[in-house]
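Summary of the model geometry
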Amino acid sequence: MFKNLFKNKTILIQTIFIIAFILTLFLLTYFLTTQALNPYIVPFKRTFKSEFTSIIGNITVLSMVCLIVFIFIKRPYRRIYTLGIIEIVLAFILYILRIYARSYFAFFSFREMTIMKNPAGKLGLNVTKQMLGEFFTTGMVLTLVPGIIFIIIALVYRKNPLFYEKRESHTTNKKVAASILSLSLSFAMVLSFRASVKKKWPYNSDLSLYGCMNCGLYNYYLYEALGWDFHYNGKNYSNEDITVEINKYDRNSSTYTNFLDNNNSDERVYVGSLAGKNIKIIQLESVNKYCVDLKLNNGELLMPNFNKILSDSNAYYCTNFYTSSGQGKTADAELAVNTGVNPQGPNTQHWEYKNNNYEFQTIAKMFKEKYDATCYSFHGDLAKFYNRNHVHPEMFGYDKYYSLEDYLETHKSEKEDPNSYINGWVDDHVILEWEDEVSSKIDGSFLTYQIMTVSHTPFAGNPKEDEYDFGYKNKMLYRYIAYMRYVDDYLDELYEKMKNDTNTIYIMYGDHGSFLTKKEQKELFGKQSTLDFELNNTKVPCVIFDASGTLNTLTENNMRCNMLRSEIDIFTTIVDLFDFDYKGVRLGVNIFSKEKTFTYDPNTFTIITDDYIYYTKNDKKMLFNPISDETLKHQIELIKHYKVIVDIANKRNMIKKEAK
């Protein structure tokens, strides 16, 4: 066979191009799955089995592509030309997947195509500009070179007999046999992966990365595109099983025991102490805690107004507070705060709401039920962004969701008043003013929920950016820091309102981190470990402000919480402070209590407690306090079980009022 191969130069040339096609596209997968080449991800542990199944999966799919090309296209130069086009297309798709990883610190999944439903607008244009720019600055444009070489050779030598004459080396039977073999190997790798998900990674966090590393990138996306759902669905758990299991973590259950400190009851403090007051919740876009602490080169604080708020004796500040957001980012933060439920990570419940009709006892629903209050939410973008036009009034229970369309009905357009808009959104400081306009006309108790937007990656469009001189050389870092100063500027005016409003509780927190890379953060932190990087990206500020002094009195002027807390704990704290009749599954802790808790990054499933941070994907850990290996291992297993059980209960709509 090989003797005939070398005698037939046409076949030999095509064989060389096939090998080059498969080899280059196979090697390009490592630009996605290796941290040295893709700094936006943390890979799973590589094993001989995962590498073997990944290699086989990738090669079989690429071989099938070649077979299809050779079956339907006969002339050699056209085959090579077609392979070149396919190579360019796949190389660019790999780059887009890399950009997705850059934006979400997680791999793309076809199950998350719902994110694409969000109206792009100027944000989409800014992201596209950033993406195209990085295509050249990161050198990823070089990945197109092999495909371009294929095309050039095919066009230059298209009239050469070796590239033009049809000479088949294999019969149809051999091609069919090769196709069956490739499909069989591909399918076998997928089946092996599915079994691995159930046994080794039933947490669904970054499942696409796990799939790409265990059955091959091309193989995984091929089957996912065909409609396969690789996510662990917990079919082996009945609803009765889930009820029993979730009671172990439900603080509304009489059998609840806190496994972090062996406390047998949930500590509920200051119950009903703020009853009768109004609530204003302000969700800040992309604000990390390190920005609040950051001092510039001249010794000044980056965010002096935020620090002014924190230094007020009526500000209760959570110094060790974390985002609960997964790939839904801002929407996930909304879910955590309004429902007290951990977001699942790879999916976005805002977009799944129509199909699943999730039911929760939310802050707004309970506030209206107990105090006959009015509840409004505000966001400066289009109403259908993240399906909020349905989620906020229907799932969260707000009486009215105010969006960009509503603002335009009563205010000037961007063309008439450009200072009130950024990137097509209503500016944050304008949202705060707009909320004041609306809430000032409300008779009786009210709750307003204000979602800030403008300090959004890639941090373009800041009207004051040129006024600042921070000295940072990295462009993305500079733009981010400039937006944090922009946010701080309008917090000065907000603080003046907060400290004089004795009948309203203000709760202000960051929705999620900046998603800056290690390279972009280097001027701030130097070289970071993976664990330090995770802590910096997931830690956000949270402050509860009570101008009446009630909280100051109750805490005996101890207005700092240094214990770990997260966004789901805001929900639980409001439930207690306002004495709501919550009957659903209680997952969070009261922020004012002394009860220990944990949090995790739904994207990477990195677990954080007061005592340690643990990277589940690669078994790395960092201790903050002494803890035995046995105790740590026991706690980790229980938290892993928690995520599986809570995610299943959430999907099955079992965290609602009727769950009890």
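Residues numbered from 1 in each chain as written. Predicted model: local features only at pLDDT ≥ 70, side-chain atom pairs only at ≥ 80, totals over all residues. Heavy atoms only, no water.

Regarding the overall build of the chain
A count of helical and extended segments in the chain gives 26 helices and 16 strands. The C-alpha radius of gyration of the chain comes to 27 Å, within 12% of the 26 Å expected for a compact globule of 660 residues. The C-alpha extent of the chain, read off along each of the three principal axes, is 95 × 60 × 45 Å. Relative to its 660 residues, the chain shows a buried fraction of 59%. For the chain, the proportion of contacts with a sequence separation of at least 24, taken over those separated by at least 6, is 76%. Only carbon and sulfur atoms are counted for the fraction: they give 56% of the accessible area of the chain, which is about 26900 Å². Measuring between centres, the 75 positive side-chain charges of the chain sit 13 Å from its 74 negative side-chain charges. (Helix = DSSP H or I, 4+ residues; strand = E, 2+ residues; numbered from the N terminus. Rg over C-alpha atoms; globule rule 2.2 N^0.38 Å. Buried < 20%, exposed > 50% of the residue type's maximum accessible area, 1.4 Å probe, protein only. Contact = heavy atoms within 4.5 Å. Areas by Shrake-Rupley, 256 points an atom, 1.4 Å probe, with all protein chains shown as cover. Lys, Arg positive; Asp, Glu negative; His and termini not counted. Charge placed at Lys NZ, Arg CZ, Asp CG, Glu CD.)

With respect to a positive patch on the surface
Taken together, the side chains of Lys49, Lys198, Lys199 and Lys200 make up a positively charged region of the molecular surface. Counting residues per element, the positive patch draws most heavily on helix α9 (residues 172-200), at three residues. With respect to the secondary-structure elements, Lys49 resides in helix α4 (residues 48-72). (Patch = residues over 30% accessible without salt bridge, like charges linked within 9 Å, V, L, I, M, F, W, Y side chains within 5 Å. Salt bridge = Lys/Arg side-chain N within 4 Å of Asp/Glu carboxyl O.)

Some remarks on the pairing of strand β15 (residues 612-615)
Residues of β15 alternate between two faces, with Tyr612 and Tyr614 on one and Ile613 and Tyr615 on the opposite face, all of them buried. In the sheet, strand β14 (residues 606-608) pairs with β15 via three bridges, with the strands oriented antiparallel. Counted as the bridge partner of Ile608 is Ile613 from β15. With antiparallel pairing between neighbouring strands as the criterion, β14 and β15 make up a hairpin whose turn holds three residues. Relative to strand β16 (residues 620-623), β15 runs antiparallel, the two being bridged by four bridges. Each bridged residue has a counterpart across the sheet, and for Tyr614 the counterpart in β16 is Lys621. The hairpin turn running from β15 into β16, its antiparallel successor, is four residues long, and Asp619 in that turn takes a positive phi close to 60 degrees. (Pairing = 2+ DSSP bridges.)

As for the packing of aromatic side chains
Tallied over the full model, the rule gives 57 aromatic pairs. Seen in terms of ring centroids, Phe17 and Phe150 are 5.0 Å apart; in terms of plane orientation they differ by 90 degrees. Their pairing is edge-to-face. Placement of Phe17 in helix α2 (residues 9-28) and of Phe150 in helix α7 (residues 145-156) is noted, with a sequence separation of 133 residues between them. Residue classification places Phe17 among the buried positions, given a relative accessible area of 10%. Considering the side-chain rings of Tyr600 and Tyr642, the 6.2 Å spacing of their centres and the 70 degrees angle between planes classify their relative orientation as edge-to-face. With a gap of 42 residues between them, Tyr600 in strand β13 (residues 599-601) and Tyr642 in helix α26 (residues 629-651) connect regions that are remote in the sequence. The same class applies to Tyr600 and to Tyr642, which are both buried. We note Lys329 situated over the ring of Phe515; from NZ or CZ to the ring centre the distance is 4.2 Å. (Phe/Tyr/Trp six-rings, centres within 6.5 Å; stacked < 30°, edge-to-face > 60°. Lys NZ or Arg CZ within 6 Å of the ring centre and 35° of its normal.)

A closer look at the pattern of salt bridges
Evaluated as defined, the whole model comprises 20 salt bridges. Residues Arg251 and Glu595 are paired through a salt bridge, measuring 3.1 Å at the closest nitrogen-oxygen approach. With a gap of 344 residues between them, Arg251 in the loop between α12 (239-246) and β1 (278-284) and Glu595 in the loop between α25 (567-577) and β13 connect regions that are remote in the sequence. Take Arg251: its relative accessible area is 9%, and that puts it in the buried class.

Let's talk about the sheet that holds β16
Strand order in the open sheet made by the four strands is β13-β14-β15-β16, with antiparallel pairing throughout. Edge positions in the sheet fall to β13 and β16, since each has one partner strand and no second. Across the sheet, the mean angle from the axis of one strand to that of its neighbour is 15 degrees, orientation sign disregarded. The strands touched by helix α23 (residues 530-538) are β13, β14, β15 and β16; relative to β15, the strand with the most contacts, the crossing angle is about 110 degrees. Running over the sheet, α26 touches β13, β14, β15 and β16 and is turned about 60 degrees from β15. (Axes fitted to C-alpha atoms, helices over the stretch in contact; angles between N-to-C directions.)

A short note on the sheet that holds strand β9 (residues 504-510)
Taken together, the eight strands give an open sheet; going across it, the order is β5-β4-β8-β1-β9-β10-β2-β11, and neighbouring strands pair in mixed fashion. Both edges of this open sheet fall to β5 (400-402) and β11 (560-561), since each of them pairs with a single strand only. Pairing analysis gives four bridges linking strand β2 (residues 315-318) to strand β10 (residues 542-546), with the strands arranged antiparallel. Looking across to β10, one finds that Tyr316 is bridged to Ile544. Lying over the sheet, helix α17 (residues 363-371) contacts β1, β4 (374-379) and β8 (446-451), oriented at roughly 165 degrees with respect to β8. In the packing of helix α18 (residues 388-396) onto the sheet, contacts are made with β4, β5 and β8, and the angle to β5 comes to roughly 150 degrees.

A look at the nonpolar core
Ile281, Leu447, Ile507, Tyr509, Ile570, Ile574 and Phe578 are the most contacted members of the largest nonpolar core, which has 131 residues in total. Examining the composition of this core, we find that twelve residues originate from one element, helix α5 (residues 76-104), more than from any other. Ignoring any residue separated from it by four or fewer positions in sequence, one finds Leu447 in contact with Ile279, Ile281, Ile363, Ala364, Phe367, Thr374, Cys375, Tyr376 and Tyr398. (Core = buried A, V, L, I, M, F, W, Y, C linked by side-chain atoms within 4.5 Å.)

Read these as geometric descriptors, not functional statements.
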